[in-house]
Amino acid sequence: MTEENTENDIPPSTRKLDIDGEAEIHIDGLDLWYGTKQALYDVSLPIAKNCVTSLIGPSGCGKSTLLRTINRMNDLIPICRYEGEIVQGETEITAKDADLVSIRKNIGMVFQRPNPFPKSIYDNVAYGVKLHHKPSREQLDSIVEKSLKRAAIWSEVSDRLHDLGTSLSGGQQQRLCIARSIAIEPDVILMDEPCSALDPIATAAIEELILELKKDFTVVIVTHSMSQAARVSDYTGFMYLGRMVEFNKTEKIFSDPDQELTKRYITGRFG
Amino acid sequence: MKEIDKLPVRNRKGREFIEKVGSGGLALTSIIGLVFLLILVYQIAKPTIIDGEEGEIVAATEFLPISDYILKWDNPSVDEDGNLISEPIILQLAWDDENGSYEHEIEITVIPQRNVKENIQLNENGVDTNEVTVGKKTKFYIYSTLSTPVSVHQISGPTPAANETGYPQVNTFVIQSDVSTVFSNGISIEEAIAVMSWSFLMVMILVYVFPNEKIIQSISSTSKNHQIIRWLSLAPFLFFILNEITVIRFFIVLNCFIGLRMLANLSEGIFRLSNQMMPLNDKILLKHSIVNRDGLMLWARLFFLVSTFFIPLSVHIPFLTERYQDIFQPYSSGIRSAFYGTFWVMGIAMFMAIPISIGAAIYLEEYAKPTRLTKLIQALITNLAGVPSIVFGLFGLAIFVREGGFGLGFGPSIFAAGLTMGVMAMPIIVLAAQEALRSVPRSIRESAYGIGCTRWQVTKDHVLPSAMPGMMTGTILAMSRIVGEAAPLLVVGAFGAVLFDPEPFAALTDGNINFTVIPIQIYAWTAEPGHEWHAMAAAASIALIAVMISMNSIAIILREYYRRRLNS
Ligand SMILES: Nc1ncnc2c1ncn2[C@@H]1O[C@H](COP(=O)(O)OP(=O)(O)OP(=O)(O)O)[C@@H](O)[C@H]1O
Ligand SMILES: [Mg+2]
């Protein structure tokens with residue numbers, strides 16, 4: 001490998017995609033374009049059930065793009081077009097006539113910047129539940145409480161549930177967003193750099209939370225922090241210029257990667 | 001089985017239906033806007049380009065009816081010496097009231113000097129004269145204080161524009177008598193009640209904003225009865241059962257209703273606080289204990305502001321309460337009919353423009369795919385916002401005033417004027433609303449889609465509330481821009497001298513369609529020779545500015561309300 005990467009030097013997307021348990025979602029041969037610019041090249045990836053899968057790679061390599069394709073958030077971008085297949089169990093997520101509402105209900109998302117609704121803390125969590133179900137007042141109360149507890153924020157907000165969600169601190173807002181996602185009990189939670197706007201203490205709280213969540217949910221997390229990926233995830237995918245260069249168990253990736261490129265990236269000797 | 005799946009599931013059929021209907025409806029509003037545009041272009045092009053020589057453009061004045069209550073002979077049938085050369089001019093006035101039907105004939109003598117005139121007074125006792133002398137080319141008036149319509153026929157003499165029978169029938173006219181009573185026994189206490197309801201609302205607003213301890217204490221003694229006050233607040237509506245609804249009565253009743261509601265919710269709050277042994281002097285605590293405080297304040301402020309304009313009508317400030325009298329009585333004239341004209345024109349304009357424009361903005365911003373067609377519509381709207389107002393006047397003339405072609409034939413009426421002004425405001429509102437929608441952060445949309453909202457739910461629950469302050473401001477600014485427009489209404493056919501309160505829907509009910517608005521009134525008065533009229537025009541300008549300021553205040557009140565709802 002030379003220092004300047006030409007097209008030819010980029011390793012193609014890997015097909016070495018072994019996981020131990022059952023896969024919640026299969027991504028198969030995904031190509032994606034923004035207008036004429038291709039952002040993903042033939043990406044395949046299994047997402048292991050009840051595990052944390054982390055996606056790492058340099059900025060602009062397509063991690064967010066891949067993540068947003070899984071719950072079809074990219075449909076909101078008019079110039080975005082893709083080929084390939086994503087399946088979750090029986091449902092084909094990438095189908096033309098797929099039911100976006102139930103896909104997004106089953107695959108929740110937490111964004112890079114905390115984005116609670118400009119509603120009260122209570123309503124932030126309750127809104128999604130009321131969207132899909134008809135709970136009684138008591139049921140709703142208990143779901144809100146349970147979700148906030150699971151998101152490790154209950155003790156901080158229990159006495160001000162009717163304050164505006166946006167009045168919380170950044171870290172609290174992010175945990176509120178997580179509570180909002182888990183309130184509707186999705187199968188999968190996608191997290192796009194959930195800690196990038198947070199201080200170390202809030203980050204630690206969220207990491208702990210992720211480890212807690214993995215008991216009930218499947219988590220996919222995009223992160224720029226190698227140490228975070230190493231701490232929280234079971235599987236790691238390394239992406240580079242739109243290719244899934246390497247995918248493996250996290251310990252394997254961080255101790256003995258197959259690819260030279262991966263090694264250089266995780267040791268910080270890159271670019 | 002997940003916990004959440006045990007809950008009953010919301011039916012999605014309705015949701016999907018709404019989604020379809022919603023986007024269909026929004027697309028429709030967008031298309032309506034486009035159709036307006038195409039018609040405009042066609043209507044302008046047709047007589048000159050498409051029809052070529054054969055086409056004729058009918059001037060607006062040709063089909064303006066001669067004013068219903070002014071009889072005008074431009075060429076009196078007199079010779080140079082002033083001798084009558086045709087049969088005498090005789091008008092027949094006829095009306096019915098409780099006491100029977102009446103008929104009077106009036107002979108009119110036309111003399112060569114100009115500006116000589118006698119006006120005819122009409123009241124329950126009949127007319128005050130059977131013969132009047134009127135100068136050549138001079139207007140004279142028939143005033144009526146009857147509350148029943150009077151029909152006027154010319155039964156002899158030359159006619160200004162005869163129909164086939166030679167005897168044009170001048171339209172029926174009526175001037176409502178100026179007696180305002182609350183109960184049919186004639187006790188006139190409406191003015192007092194109007195002022196009282198207005199003051200009551202003002203006091204309630206002040207109490208809400210500055211909760212004075214003494215007042216709170218005094219309310220707290222009766223606060224057990226908050227439920228009674230709540231029921232009592234419906235009582236003003238009984239008033240409508242007893243009386244016919246007029247603008248002033250409408251405001252009396254709603255002012256009282258909102259004021260009592262505020263009092264009831266305040267008492268309830270105080271009641272709850274004192275039950276929990278909380279101190280009453282904590283203002284923040286008090287504010288939070290009032291149910292729906294923001295909503296009540298919104299309505300109270302709006303009604304207070306708007307009814308402020310109608311209070312002078314009931315306390316009789318001549319400049320505001322009188323109509324245009326005649327050319328020789330400037331200081332007893334007022335802007336009443338112009339004010340009502342403005343009020344109705346704006347009302348109709350808003351009623352038509354706001355739903356269409358906001359629908360179009362939502363569709364273009366949230367639903368439409370960026371195809372060539374939407375780009376074209378976008379470009380058209382942007383350009384249309386800059387089109388001079390006189391062009392919109394011509395558009396209104398072609399579509400709303402004239403009959404035939406695409407013309408809807410409402411005549412030079414308030415209805416046509418309101419629709420014209422609405423069309424003029426539409427592009428401005430669309431652009432403002434689009435701007436407001438665009439400024440809603442993407443993160444709000446993403447978070448809503450992320451938990452499985454449909455497009456319509458995202459729009460309705462998240463985007464619209466966030467965009468609402470901006471939309472409101474844009475809308476009201478558009479409205480306060482068009483409230484001062486005179487040019488399009490000159491084309492549509494507003495009059496300078498209107499002696500009646502306008503009837504907003506006269507065009508649909510065959511009533512008296514004449515109307516004026518404040519800017520036209522100012523224009524007409526500046527054109528009069530006497531300097532008194534110029535002073536009146538200046539005063540009317542101040543009144544116009546007051547209307548604009550109050551509209552902007554409404555914008556501010558609404559914006560603050562929505563801001564608070566988002567941020568508090
Ligand atoms: N809305 C968009 N329109 C056009 N191109 C886009 C859009 N979003 C992303 N891209 C392009 O797609 C490529 C991948 O972007 P993506 O956001 O997925 O990168 P990323 O790996 O998440 O980077 P980061 O770590 O900085 O978040 C980039 O080259 C970017 O320029
Ligand atoms: Mg990203």
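The paragraphs below set out a description of the structure included in this document. (Residues numbered from 1 in each chain as written. Chains lettered and ligands numbered in written order. Predicted model: local features only at pLDDT ≥ 70, side-chain atom pairs only at ≥ 80, totals over all residues. Heavy atoms only, no water.)

## A short note on the overall build of chain B
Inclusion rule: Numbered from the N terminus, helices here are DSSP runs of H or I no shorter than four residues, and strands are runs of E no shorter than two. Under the scheme applied here, a residue whose accessible area is under 20% of the maximum for its type counts as buried, over 50% as exposed, and between as partly exposed, the area being computed with a 1.4 Å probe on protein chains only. We call two residues in contact whenever any of their non-hydrogen atoms come within 4.5 Å of each other. Here the open area of atoms and residues is found with the Shrake-Rupley method and a 1.4 Å probe, where only the protein chains shown may cover a residue.
A tally of helices and strands in chain B yields 19 helices and 11 strands. Within chain B, the fraction of its 568 residues that count as buried is 49%. Of the contacts formed within chain B by residues at least 6 apart in sequence, a portion of 69% connects residues at least 24 apart. As displayed, chain B offers around 27,700 Å² of accessible surface, 61% of which is attributable to carbon and sulfur atoms.

## Some points on the sheet that holds strand 5 (residues 91-92) of chain A
All names here are of chain A. In plain terms, the rule: At least two DSSP bridges between two strands are required for those strands to pair. Here an angle of 0 to 180 degrees is reported between the N-to-C directions of two axes, which are lines fitted to C-alpha atoms, with helices fitted over the stretch in contact.
Reading across from one edge, 2-1-4-5 is the order of the 4 strands in this open sheet, with antiparallel pairing throughout. Looking at strand neighbours, the two that pair on one side only are strand 2 (37-48) and strand 5, the edges of this open sheet. Relative to strand 5, strand 4 (residues 80-88) is paired through 2 bridges, and the arrangement is antiparallel. Each bridged residue has a counterpart across the sheet, and for glutamine 88 the counterpart in strand 5 is threonine 91. Contacting strand 1 (23-34), strand 2 and strand 4, helix 1 (residues 63-70) runs over the sheet at an angle of about 120° to strand 1.

## A closer look at the pairing of strand 9 (residues 235-240) of chain A
All names here are of chain A. With 6 of 6 residues buried, strand 9 is to be regarded as a mostly interior element. Every second residue of strand 9 is oriented toward a common face, with Tyr235, Gly237 and Met239 on one face and Thr236, Phe238 and Tyr240 on the other, all of them buried. Strand direction decides the pairing type here: strand 3 (residues 52-56) and strand 9, joined by 4 bridges, are parallel. Its bridge partner being in strand 9, threonine 53 is matched across the sheet by tyrosine 235. As paired elements, strand 9 and strand 10 (residues 243-249) share 6 bridges and run antiparallel to each other. Residue pairing in the sheet places methionine 239 in a bridge with methionine 244 of strand 10. Between strand 9 and strand 10, which follow one another and run antiparallel, lie 2 residues, and leucine 241 among them has a positive phi close to 45°.

## Quick notes on the pattern of salt bridges
Residue and element names in this part refer to chain A. Going by this rule: Definition used for salt bridges: Asp or Glu carboxyl oxygen within 4 Å of a side-chain nitrogen of Lys or Arg.
Counted under the stated rule, the structure contains 24 salt bridges over all chains. The salt bridge involving aspartate 258 is made with lysine 252; its shortest N-O contact spans 3.4 Å. A relative accessible area of 30% places lysine 252 in the partly exposed class. Salt bridges sharing partners connect three or more residues here, namely Arg15, Asp28 and Asp42.

## Some details on the site of ligand 1
Residue and element names in this part refer to chain A. Which entries qualify depends on this criterion: Here a residue is near a molecule or strand as soon as one of its heavy atoms is found within 4 Å of it. Each polar contact in these results corresponds to two N or O atoms within 3.5 Å; when the atoms are within protein, one needs to be able to donate a hydrogen and the other to accept it, and residues that are neighboring in sequence are counted only if both atoms are side-chain atoms. Note on residue classes: Ala, Val, Leu, Ile, Met, Phe, Trp, Tyr, Cys and Pro are nonpolar, Asp, Glu, Lys and Arg are charged, and everything else, Gly too, is polar.
In the vicinity of ligand 1 there are 14 residues, among which Ser59, Lys63, Ser64, Thr65 and His224 approach most closely. Measuring from an oxygen atom of ligand 1, one finds a side-chain N or O atom of serine 59 at 2.4 Å. Separating an oxygen atom of ligand 1 from a side-chain N or O atom of histidine 224 is a distance of 2.6 Å. Burial of ligand 1 by the surrounding chains reaches 67%, relative to a free accessible area of 630 Å². Mapped onto the shell around ligand 1, the elements with two or more residues apiece are strand 2 and helix 1. At 3 residues, the largest contribution of residues to the shell around ligand 1 is made by helix 1. Looking at the shell around ligand 1 residue by residue, the class counts come to 5 nonpolar, 6 polar and 3 charged.

## Some remarks on the sheet that holds strand 6 (residues 107-110) of chain A
Residues and elements named next belong to chain A. Pairing is mixed across the open sheet formed by 6 strands, whose spatial order is 6-7-8-3-9-10. Of all strands in the sheet, those with a lone pairing partner are strand 6 and strand 10, marking the two edges. Strand-to-strand, the axes of this sheet are offset by a mean angle of 15°, without reference to chain direction. The sheet contact formed by strand 7 (residues 188-192) and strand 8 (residues 218-222) spans 5 bridges and is parallel. Paired with leucine 190 across the bridge in strand 8 is valine 220. Here helix 1 sits on the sheet in contact with strand 3, strand 6, strand 7, strand 8, strand 9 and strand 10, set at roughly 155° to strand 7.

## Describing a nonpolar patch on the surface
All names here are of chain B. Stated formally: Patch membership requires over 30% relative accessible area and the absence of a salt bridge. Like charges are linked within 9 Å, and nonpolar side chains (Val, Leu, Ile, Met, Phe, Trp, Tyr) within 5 Å.
Judged by side-chain polarity, Phe17, Ile18 and Val21 come together as a nonpolar surface patch covering roughly 300 Å² of accessible area. Within the secondary structure, valine 21 sits in helix 1 (residues 12-50). Residue valine 21 is classed as partly exposed on the basis of its relative accessible area, which comes to 46%.

## Some details on the packing of helix 3 (residues 121-132) of chain A against helix 4 (residues 137-150) of chain A
Residue and element names in this part refer to chain A. Convention followed: When an angle is under 35 degrees it counts as roughly parallel; over 145 it counts as roughly antiparallel; between 65 and 115 it counts as roughly perpendicular; any other value is oblique. Here a crossing is called left-handed whenever its near helix is offset anticlockwise from the far helix by less than a right angle, and right-handed whenever the offset is clockwise.
Where helix 3 contacts helix 4, the two axes come as close as 10 Å, and the packing angle between them is 115°. Put simply, helix 3 runs roughly perpendicular to helix 4. In the crossing of helix 3 with helix 4, the sense of the turn from one axis to the other is right-handed. Of the residues in helix 4, those in contact with Ile121, Tyr122, Val125, Ala126, Val129 and Lys130 of helix 3 are Arg137, Leu140, Asp141, Ile143, Val144, Ser147 and Leu148.

## Examining the interface of chain A and chain B
Let me state the cut-off plainly: In short, buried area is how much 1.4 Å probe accessible area vanishes from two parts on joining, totalled over both.
Listed as interface residues are 36 residues of chain A and, on the opposing side, 30 residues of chain B. For the chain A face of the interface with chain B, the top three residues by lost area are A:Leu131, A:His133 and A:Lys134, together amounting to 20%. If you look at where chain A meets chain B, you find 1 salt bridge. Between A:Arg68 and B:Glu446 there is a salt bridge, and its shortest N-O distance comes to 2.8 Å. Here chain A is connected to chain B by 7 residue pairs in polar contact (both at pLDDT 80 or more). Those elements that provide at least two residues to the side of chain A that touches chain B are helix 2 (100-106), strand 6, helix 3, helix 4 and helix 6 (170-183) of chain A. Broken down by element, the side of chain A that touches chain B gets its largest block of residues, 6 residues, from helix 3 of chain A. Among the residues forming the side of chain A that touches chain B, the class breakdown is 18 nonpolar, 7 polar and 11 charged.

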